[in-house]
Amino acid sequence: VISCPCAMGLATPTAVMVGVGRLAKNGILVKGAQTIEVFAGIKNFVFDKTGTLTNGDFKIKKINYYPENLNGAGIGDQSPITNHQSLIKAMMLKMERHSSHPIAQSLVKELGDEEGLPKVTVSKIQELKGQGVMAFDSEDNELRLGSKRFAGANFQENQAALFFSKNNKLLASIEIEDAVKPDAADLMDYLRSTGRTPVMLSGDRASKVNEVAEQLGITRIFAEQLPADKLAIIKQLSADAPTAMIGDGINDAPALAQATIGVSLSNASQVAMQSAQIILLNGNLDRLAKALAISTATLQTIKQNLFWAFAYNVVAIPVAAMGFLNPTWGALFMAFSDVVVIGNSIRLKGRKV
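Since the structure is predicted, the reported quantities are computational estimates derived from the model, not experimental observations. (Residues numbered from 1 in each chain as written. Predicted model: local features only at pLDDT ≥ 70, side-chain atom pairs only at ≥ 80, totals over all residues. Heavy atoms only, no water.)

Here's the deal with the sheet that holds strand β11 (residues 243-247)
Short version of the rule: Here, any two strands with at least 2 DSSP bridges between them count as paired. In DSSP terms, a helix is any run of H or I states spanning at least four residues, a strand is any run of E spanning at least two, and both are numbered starting from the N terminus. Axis angles are defined between N-to-C directions and span 0 to 180 degrees, where every axis is a line fitted to C-alpha atoms and, for a helix, only to the segment in contact.
With mixed pairing, the seven strands of this open sheet are ordered in space as β1-β13-β12-β11-β2-β9-β10. Across the chains shown, the open sheet's two edge strands, defined by having one partner strand only, are β1 (28-30) and β10 (220-222). With strand direction ignored, the average angle separating the axes of adjacent strands in the sheet is 20°. As judged from the four bridges shared by β11 and strand β12 (residues 261-265), these two strands associate in the parallel manner. The residue bridging M245 from the neighbouring strand is G262, located in β12.

As structure tokens, then:
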């Protein structure tokens with residue numbers, strides 16, 4: 001009777017149940033009970049930049065047009081420059097409507113609707129994750145809208161984030177603005193104070209990534225990475241230490257699945273959320289610090305529960321074996337050990353973390 005292992009059996013599930021409930025009340029959804037225990041031991045926190053550390057609500061700062069390269073795209077060379085610009089804008093808008101990337105969605109919103117723009121024919125539209133969008137016009141010219149490397153490596157624009165090309169000839173370059181989330185800096189300070197390492201892993205240009213990293217004090221940076229590159233980096237970091245990947249885009253999904261723990265935002269793509277084990281509601285980064293604190297407290301509670309369960313058995317079993325304990329008292333003490341473990345788990349519900 002006295003050696004009944006009920007307390008040891010209740011030690012972990014009761015603490016995890018309370019921990020998961022507290023996480024949910026704080027807007028943090030967890031897939032799988034074991035996720036809490038694993039998350040508490042994460043050492044590397046790898047962040048995507050666009051839409052994760054930044055708002056992802058892009059504004060067009062400037063569009064530079066190069067109509068001299070537009071020949072053969074469906075409008076005469078003698079047409080006014082404004083017509084050239086409208087045609088380029090119409091083609092970019094039609095292509096970006098087929099992309100799920102946060103930059104593309106923001107550009108569609110910024111560029112407006114197609115009313116007042118020339119009618120264009122764009123076919124065979126294909127999105128290449130982490131690179132851009134490719135299509136063909138009515139004369140079978142290849143159109144590319146995306147990173148410099150994707151659209152054409154010979155472009156000399158330094159400030160532009162996106163490039164629109166026809167047959168590798170530059171038609172337009174787009175300069176965009178995106179602000180860092182107000183709670184990102186506090187999160188980085190919290191991670192460093194608890195001995196964790198923040199890392200930035202982005203497909204964006206090095207200059208933009210370095211600018212955000214400098215604001216947040218992040219020293220380990222990987223810029224201009226394709227989805228396959230992100231996967232390899234996460235695999236390497238996970239081999240060195242438990243690693244969490246925090247991202248929101250389709251191109252982050254493989255890295256989220258590869259990481260020890262994948263963390264996604266509730267406003268992320270469906271693929272990203274399905275690949276993650278933790279989802280932060282409303283896209284608030286401060287919930288990540290709360291998730292880490294609650295997970296750490298839950299793991300501490302599990303260890304406390306196991307200590308008291310084993311301590312009870314170590315003391316009580318020899319006493320019973322020597323004949324100093326009758327079955328009635330043994331049953332009461334066994335039940336009391338269960339109450340202690342359950343009570344310690346419930347204490348986690350209101351514990352300050």
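A few points about the nonpolar core
This is how it is decided: Residues belong to a common nonpolar core when they are buried Ala, Val, Leu, Ile, Met, Phe, Trp, Tyr or Cys residues joined through side-chain atoms within 4.5 Å. Each residue is placed in one exposure class: buried if its accessible area under a 1.4 Å probe, protein chains only, is under 20% of its type's maximum, exposed if it is over 50%, and partly exposed if it falls in between.
In terms of nonpolar packing, the biggest core is built from 33 residues, with F39, F45, F47, L53 and L288 touching the most fellow members. Of all the elements in the fold, those that place two or more residues in this core are α2 (34-39), β2 (44-47), α7 (184-193), α8 (206-216), β11, β12, β13 (278-280) and α12 (286-321). No other element matches α12, which puts five residues into this core. One finds M92, A135, A161 and I174 within the second-largest nonpolar core, a separate group that totals 26 residues.

Considerations on the sheet that holds strand β5 (residues 132-136)
Basically, it comes down to this: Here, residues are in contact when the closest pair of their heavy atoms is within 4.5 Å.
In space, the six strands of this open sheet follow the order β3-β8-β7-β6-β5-β4, with antiparallel pairing throughout. Of all the strands in the sheet, the pair left with one neighbour each is β3 (59-65) and β4 (123-128). In this sheet, neighbouring strand axes are inclined to one another by 15° on average, regardless of whether the strands run parallel or antiparallel. As paired elements, strand β7 (residues 162-166) and strand β8 (residues 169-177) share five bridges and run antiparallel to each other. Bridged to F164 within β8 is A172. Docked against the sheet, helix α5 (residues 102-111) engages β3, β7 and β8, running at close to 80° with respect to β3.

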